[in-house]
Amino acid sequence: LDYLANFLEFLQKVYEQHKHIKLVGGCFGHQVIARALGGTVAKLDLDVPILLGKHMITVTKGFKQMEEFKAGFPEVSRFGFIYINRSHSYGVTQLPPGGEQLAKFSNGDYDIFKIGDRVFCFQPHPEFTEKFIEFHILKRNVRSGFISAEYADIVKNEYLYKEDLPNHGPL
């Protein structure tokens, strides 16, 4: 994986040598930025091959205080959590130095973090709609044999279209 080693080195140089550049990472970008800056990424201890669908994440006081999220998630200040779509089996398990956790999933991985005002990273997929997950992610993973049709049905029934879950994505 020479490309990954090169990419990690590139991100380190950008962060260290170009202080005016801000880094934003989602999903794999979240993981690779964390790793490049000294954090740890690992396969999560899941009961399923991949975490899919709408799941609850707990947000911190730091998240609640960010002006950027007050408008998009007004109920967060009352409840301290959001439901958001996910599609991953790896996660950030240790923050890089200076990282501030903004949200976590129930398994303890660092779902959203920032470093000062220069780095903002998130694991969930606020851009995914339920239909996108159903028709693109689930069907593709069933066809490839990565997940079973039974698991796809569980995701659809329990984590995508469950009526009593609030919808916090796409943003």
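Residues numbered from 1 in each chain as written. Predicted model: local features only at pLDDT ≥ 70, side-chain atom pairs only at ≥ 80, totals over all residues. Heavy atoms only, no water.

Novice: How do you make sense of helix 2 (residues 28–36) when you look at a structure like this?
Specialist: Residues spaced three or four apart along an α-helix point in a common direction, a consequence of the helix completing one turn every 3.6 residues. Among the 9 residues that make up helix 2, 7 are buried, leaving the element largely enclosed by the rest of the structure. Where helix 2 is concerned, the buried positions are G29, H30, Q31, V32, I33, A34 and A36. Among the structural elements, helix 1 (2–17), strand 1 (23–26), strand 2 (40–43), strand 5 (90–94), strand 7 (110–115) and strand 8 (119–122) are those in contact with the buried residues of helix 2. G38 sits one or two positions beyond helix 2 and adopts a positive phi of about 110 degrees. (Buried < 20%, exposed > 50% of the residue type's maximum accessible area, 1.4 Å probe, protein only. Helix = DSSP H or I, 4+ residues; strand = E, 2+ residues; numbered from the N terminus. Contact = heavy atoms within 4.5 Å.)

Novice: Honestly, the sheet that holds strand 1 in this entry has me stumped. Any pointers?
Specialist: Adjacent strands of a sheet form backbone hydrogen bonds with each other and so pair up, either parallel or antiparallel. With mixed pairing, the 6 strands of this open sheet are ordered in space as 1-8-7-6-3-4. Of all the strands in the sheet, just strand 1 and strand 4 (81–88) have a single pairing partner and so form its edges. Each strand of the sheet is rotated relative to its neighbour by a mean of 25 degrees, with strand direction disregarded. As paired strands, strand 1 and strand 8 are joined by 4 bridges and run parallel to one another. Each residue of the ladder has a partner; that of V24, found in strand 8, is F120. (Pairing = 2+ DSSP bridges. Axes fitted to C-alpha atoms, helices over the stretch in contact; angles between N-to-C directions.)

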